[in-house]
Amino acid sequence: MKNFLLLLGIVLLLSACTQQVTDEEIATSCPPDCAGGSTGVVTTINAPSDGGSVYVGDRMVISATLDDLGESSVEDGIVCITGLDGEIFSGLGGCNCQNFYITLDEPDDTHFEQTTVAFDSTLVPGDASGNQHLTFYTRYRYTAYGPMTLCLTGDPYQETECAVEGDKLTSSSSGPVEIASVEEILSTEGSNAINVRLKITANAPTQTTGQLVDLDYTSEPSCVLPTDITITGKVYVILFGEAQDCGSITFEQGEDTATITCKLDTLTTDKFIGGQKEYDGWVRIDYGYQEIQSVAFDIVGS
């Protein structure tokens, strides 16, 4: 009987521990395990509601909830609003901005996966009435990850255990920009080293409510950004635990894809482990994105 009770207690304890782990939210594992998709930060305007009413004599609340549904944290984002009549809504005319961040790596953080941005409320005066329009600009720096498996060999022309040709990308993280493919080109550099070039292709976002912005403007407290600048992202390749700066990838206006070729530092064959030929790493592209949402509402008498 004592042995039975002891066994029962162990089973219950293990069950409780399993339940605790299951219920706990787990931080992102991307990379290397990226789920993929095209969603990043989604803005939901809480107040004022689209098509709703704001009453004279009340304080108008302005807020939005931001959900990070992609696979990258946002360290320094900004939400700006514009469109209100400054003579009616004191202090809220022109352009007003609030900073935000969202983490996918710290489950105990109050800004884990979601945050709310609120602006100062304002009293609606008695002589105000009619239609009003308000636009939210949610702007942030985001990252696309592309785990890959490369075939690295000192004899790329005669290699039979792995294929140098073909797409080496295994997945792409979820976000407005997605890494579409990674192709490798190997050439020998003497008897004990190789040159590695990676042709990286990324897909630009196609959402009609958003657009790419330059990295320099992701935290700019402005409602109007320059439209005549070249949009670029920063590209890195992580291999053997080291990050290689590959420069900038350019997203041309009207183009669906962008491409860059990254030449890695000369790799000596002493980095290769025994007879291993395939090595995991990933591509990282940092870019800027802006989502635009608008609401229309009525001011009515109390």
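Below, the structure is looked at part by part. Everything numeric here is computed off the predicted structure, so don't read it as measured data. Every chain is numbered on its own, with residues counted from 1 as its sequence reads. Local features are withheld for residues below a pLDDT of 70 in this predicted model, meaning they are given only at 70 or higher, and side-chain atom pairs are given and counted only at 80 or more; totals for whole chains, interfaces and linings count all residues. The basis for every side-chain value is the complete set of heavy atoms in the structure, and neither hydrogens nor water enter the calculation.

1. What about unusual backbone geometry?
Logical step 1: Residue Pro32 is bonded to the preceding Pro31 through a cis peptide linkage, with omega at 10°.
Logical step 2: Only DSSP runs of H or I with at least four residues qualify as helices, and only runs of E with at least two residues qualify as strands; both kinds are numbered from the N terminus onward. The residue Pro32 is located in the loop between α1 (2–23) and β1 (41–47) in this model.
Logical step 3: Residue Pro48 is reached from Ala47 by a cis peptide bond, and omega for that bond is -5°.
Logical step 4: Along the chain, Pro48 falls in the loop between β1 and β2 (53–55).
Logical step 5: A positive phi angle is found at Glu113, which is not glycine, with a value near 70°.
Logical step 6: Examined against the element boundaries, Glu113 turns out to sit in the loop between β5 (95–102) and β6 (114–123).
Logical step 7: Backbone geometry at Phe240 places phi at a positive 55°, although glycine is not the residue there.
Logical step 8: Here Phe240 is to be found in the loop between β11 (231–239) and β12 (242–251).

2. Focus on the environment of Ser173
Logical step 1: Examined against the element boundaries, Ser173 turns out to sit in the loop between β7 (130–151) and β8 (178–188).
Logical step 2: It is 9.4 Å that separates the C-alpha atoms of Ser173 and Pro32, two residues lying 141 residues apart in sequence.
Logical step 3: Apart from the residues lying within four places of it in its own chain, the contact partners of Ser173 are Cys30, Cys34, Gly36, Gly37, Glu71, Thr143, Ala144, Tyr145 and Glu178.
Logical step 4: Nitrogen and oxygen atoms within 3.5 Å of one another constitute a polar contact, given that in protein one can donate a hydrogen and the other can accept it, and given that sequence-neighbouring residues count only through two side-chain atoms. Here the side chain of Ser173 touches Tyr145 through a polar contact of 2.7 Å, landing on its backbone nitrogen. We call two residues in contact when some of their heavy atoms are within 4.5 Å.

3. Quick look at the sheet that holds strand β3 (residues 59–68)
Logical step 1: Within the open sheet, the 3 strands sit side by side as β1-β3-β6. Their pairing is antiparallel. For this open sheet the edge positions go to β1 and β6, each flanked by a neighbour on one side alone. Adjacent strand axes in the sheet meet at a mean angle of 15°, parallel and antiparallel pairs treated alike.
Logical step 2: Where β1 lies against β3, 6 bridges are found, and the strand directions are antiparallel. Paired with Ala47 across the strands is Ser63, a residue of β3. Two strands are counted as paired when DSSP detects at least two bridges linking them. Structural elements are reduced to axes, namely lines fitted to C-alpha atoms, with helices fitted over the stretch in contact, and the angle between N-to-C directions of any two is expressed from 0 to 180 degrees.

4. Here's the deal with the nonpolar core
Logical step 1: Joining through side-chain atoms within 4.5 Å is the link that ties buried Ala, Val, Leu, Ile, Met, Phe, Trp, Tyr and Cys residues into a set, and such a set is a nonpolar core. Buried means the residue's accessible area, taken with a 1.4 Å probe over protein chains only, is under 20% of the maximum for its type, while exposed means over 50%, and partly exposed covers the values in between. Judged by nonpolar contacts, the single largest core of 65 residues is most densely connected at Leu152 and Ile200.
Logical step 2: Excluding residues within four positions of it along the chain, Ile200 makes contact with Ile179, Ser181, Val235, Val237, Ile249, Ala258, Thr259, Ile260, Cys262, Val283 and Ile285.

5. A short note on the state of the cysteines
Among covalent bonds in proteins, the disulfide is the one between the sulfur atoms of two cysteines.
Logical step 1: Note that a disulfide, as used here, is simply two cysteine sulfur atoms within 2.5 Å. Per the counting criterion, the structure on display carries 5 disulfides.
Logical step 2: Between Cys30 and Cys34 runs a disulfide, and the two sulfur atoms are separated by 2.0 Å. Judged by the sign of its S-S torsion, about 85°, the cystine formed by Cys30 and Cys34 is right-handed. Across the pair, Cys34 and Cys30 agree in class, each one buried.

6. Topic: the packing of aromatic side chains
Logical step 1: Pairing of aromatic side chains here covers Phe, Tyr and the six-membered ring of Trp, requires ring centres within 6.5 Å, and sorts the geometry by plane angle: under 30 degrees stacked, over 60 edge-to-face, intermediate tilted. Under the definition given, this model contains 4 aromatic pairs.
Logical step 2: Their ring planes at 80° and their centres at 5.3 Å tell us that Tyr140 and Tyr142 sit as a pair that is edge-to-face. Exposure class is identical for Tyr140 and Tyr142. Each is buried.
Logical step 3: Taking 6.0 Å as the distance between ring centres and 65° as the angle between the ring planes, the aromatic pair formed by Tyr140 and Tyr289 counts as edge-to-face. Here the residue Tyr140 occupies a position in strand β7, and Tyr289 occupies one in strand β15 (residues 278–300), the gap between them amounting to 149 residues. Across the pair, exposure class does not vary: Tyr140 and Tyr289 are buried alike.
Logical step 4: In textbook terms, an aromatic cluster arises when at least three aromatic residues are bridged by ring pairs, as seen for Tyr140, Tyr142, Tyr287 and Tyr289.

7. Digging into the layout of surface pockets
Logical step 1: For the largest pocket, the calculated volume is near 490 Å³.
Logical step 2: Method remark: on a 1 Å grid restricted to protein atoms, a set of points is classed as a cavity if a 1.4 Å probe fits but cannot get out and as a pocket if it is open with protein on both sides within 12 Å along at least five of seven lines; lining residues have an atom within 4 Å of a point. In terms of lining, the largest pocket is formed by 26 residues, of which the most central are Gln211, Leu212, Val213, Ile231 and Gln253.
Logical step 3: Secondary-structure elements contributing two or more residues to the lining of the largest pocket are β10 (210–213) and β15.
Logical step 4: If one sorts the elements of the lining of the largest pocket by residue count, β10 sits on top with 4 residues.
Logical step 5: For this classification, the nonpolar set comprises Ala, Val, Leu, Ile, Met, Phe, Trp, Tyr, Cys and Pro, the charged set comprises Asp, Glu, Lys and Arg, and every other residue, Gly included, is treated as polar. When its residues are assigned to classes, the lining of the largest pocket shows 14 nonpolar, 8 polar and 4 charged. Grid points are joined across faces, edges and corners, and a volume is the space filled by probe spheres set on the points.

Note that every value here comes from positions in space, so none of it alone points to a role or purpose.
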